[in-house]
Amino acid sequence: MFKQKLKEILELTLEVADKTETYISYHYGNQSESLSVFVGEEVFTVSDNKHMEESMDEIREALLILIK
């Protein structure tokens, strides 16, 4: 489940990069299975743990706002 959500976030990250002038960057650590997404001045981090679903939704919403 984490990897599927991760793919969705990365696809949205690429879409934002293509469609906006917003500074966006990400870092994925494969050993820690964590993702950090930098959107403008905001930083979102998610790890594969019990809080993952909530954090992924927060990142997804921030990215969707930029491309709408």
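An account of the accompanying structure is given in this report.

This part covers helix H1 (residues 2–19). Between its first and last C-alpha atoms H1 spans 26 Å; for 18 residues at 1.5 Å apiece the expected length is 26 Å, and the two agree. Along H1, the positions that sit buried rather than exposed are Phe2, Lys5, Leu6, Ile9, Leu12, Thr13 and Val16. On an axial view of H1, the arc spanned by its buried residues comes to 125°, and they lie on one face. In H1, those exposed residues whose orientation departs by more than 90 degrees from the buried face are Gln4, Lys7, Glu11, Leu14, Asp18 and Lys19. Tucked into the core, H1 has its buried residues touching strand E1 (24–29), strand E2 (34–39), strand E3 (42–47) and helix H2 (52–67).

With respect to the helices, strands and loops of the structure, threonine 13 is situated in helix H1. For threonine 13, a relative accessible area of 3% puts it in the buried group. Along the backbone, threonine 13 and glutamate 33 are 20 residues apart, and their C-alpha atoms lie at a distance of 18 Å.

An ideal rise of 1.5 Å per residue puts 22 Å on 16 residues; H2 measures up with 23 Å between its terminal C-alpha atoms. Within H2, burial applies to Met52, Ser55, Met56, Ile59, Ala62, Leu63 and Leu64. In this structure, the buried residues of H2 make contact with H1, E1, E2 and E3.

Definitions and limits used
Going along each chain's sequence as written, the residues are numbered from 1 onward. Reporting of local features is limited, given that this is a predicted model, to residues whose pLDDT is at least 70; pairs of side-chain atoms are given and counted only at 80 or more, and all residues count toward the totals for whole chains, interfaces and linings. The side-chain quantities take in all heavy atoms of the structure and omit both hydrogens and water. Strands here are runs of E lasting at least two residues and helices are runs of H or I lasting at least four, both read from the DSSP assignment and numbered beginning at the N terminus. Any helix carries an expected span of 1.5 Å times its number of residues minus one. Think of it in three bands: residues with accessible area under 20% of the maximum for their type are buried, residues over 50% are exposed, and the middle band is partly exposed, with areas taken using a 1.4 Å probe on protein chains only. Directions are taken from the helix axis to each C-beta atom, and the arc is the one they span. We call two residues contacting when some pair of their heavy atoms lies within 4.5 Å.

Shape is all these values report; function is a separate question.
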